[in-house]
Amino acid sequence: MATVHANGVDLRVNRYRVGHDGGRPVVVFVHGLGIVDHSGLAFTLGMPLATEAETILYALRGHGHSQVVASGYRVADHVADLVGLLDTLGVAEPVHLVGCSYGGAVTVTAAAHHPSRVAALFLIDPVLPVDGWPGRILAMLEPAAAQRALFDWFRPMLIA
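This structure is a prediction, so every number in the text was calculated from the model and none was measured. (Residues numbered from 1 in each chain as written. Predicted model: local features only at pLDDT ≥ 70, side-chain atom pairs only at ≥ 80, totals over all residues. Heavy atoms only, no water.)

1. Looking at the side chain of D81
Consideration 1: Mapped onto the fold, D81 is located in helix α2 (residues 75-89).
Consideration 2: Residue classification places D81 among the buried positions, given a relative accessible area of 1%.
Consideration 3: When near neighbours in sequence (up to four residues on either side) are disregarded, D81 contacts A6, N7, V9, L11 and R61. (Helix = DSSP H or I, 4+ residues; strand = E, 2+ residues; numbered from the N terminus. Buried < 20%, exposed > 50% of the residue type's maximum accessible area, 1.4 Å probe, protein only. Contact = heavy atoms within 4.5 Å.)

Here it is as structure tokens:
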């Protein structure tokens, strides 16, 4: 796992490629919001696919081991992070984007605003940026936030 500075933020990135050299498609995975990061996708899809493609998985800003910053959590910010990450990694060819949950909103928006950077788009249980979608996201995140607050309250007792 490496840390890559892109679009003004440090992102944790895993890049997998196994086997023969030569031209391969590049597949970039974008995970959802909340208490998730890219690790689940790495084990289930990223590493197995690495024998046929170069796979790139990263934790969105504020998730996993990526940098937590005071602002910049809009879809446009995450799209700028994605494009900045590709630039920093030197990936110039169009990539295959896999968006899971909120990652669907990021990848669809990236494809709409940067079509020359996207070869294909794959969506897994996507959240799509349509009218009213932030309210639906907040309704889903509030229970997760409550669980996190409860965990943070119990943490000192668990560590002691």
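2. Some words on unusual backbone geometry
Consideration 1: Residues other than glycine seldom take positive phi values, yet N7 does so here, at roughly 55°.
Consideration 2: Within the secondary structure, N7 is located in the loop between β1 (2-6) and β2 (9-16).
Consideration 3: A positive phi angle, close to 45°, is found at D125, a residue other than glycine.
Consideration 4: Looking at the element boundaries, D125 is found in the loop between β6 (118-124) and α4 (133-159).
Consideration 5: For D125, a relative accessible area of 65% gives the class exposed.

3. Here we look at the sheet that holds strand β4 (residues 54-58)
Consideration 1: One open sheet holds the six strands; their spatial order is β1-β2-β4-β3-β5-β6, and the pairing between them is mixed. Sheet topology places β1 and β6 at the edges, where each strand pairs with a single neighbour. Taken pair by pair, the neighbouring strands of this sheet meet at an average axis angle of 30°, ignoring direction.
Consideration 2: Relative to strand β5 (residues 95-100), strand β3 (residues 26-30) is paired through four bridges, and the arrangement is parallel. For F29, the partnering residue across the bridge sits in β5 and is V98.
Consideration 3: Its contacts with the sheet place helix α3 (residues 102-113) against β3, β5 and β6, and it is angled at close to 145° to β5. (Pairing = 2+ DSSP bridges. Axes fitted to C-alpha atoms, helices over the stretch in contact; angles between N-to-C directions.)

4. So, the side chain of R61
Consideration 1: Note on placement: R61 falls in the loop between β4 and α2.
Consideration 2: Side-chain polar atoms of R61 contact the backbone oxygen of S71, separated by 3.2 Å.
Consideration 3: In terms of polar contacts, R61 uses its side chain to reach the side chain of D81, at 2.7 Å.
Consideration 4: Residues within four places of R61 in sequence aside, it is in contact with N7, V9, L11, S66, Q67, V69, S71, G72, Y73, H78 and D81. (Polar contact = N/O pair within 3.5 Å; in protein donor to acceptor, adjacent residues only side chain to side chain.)

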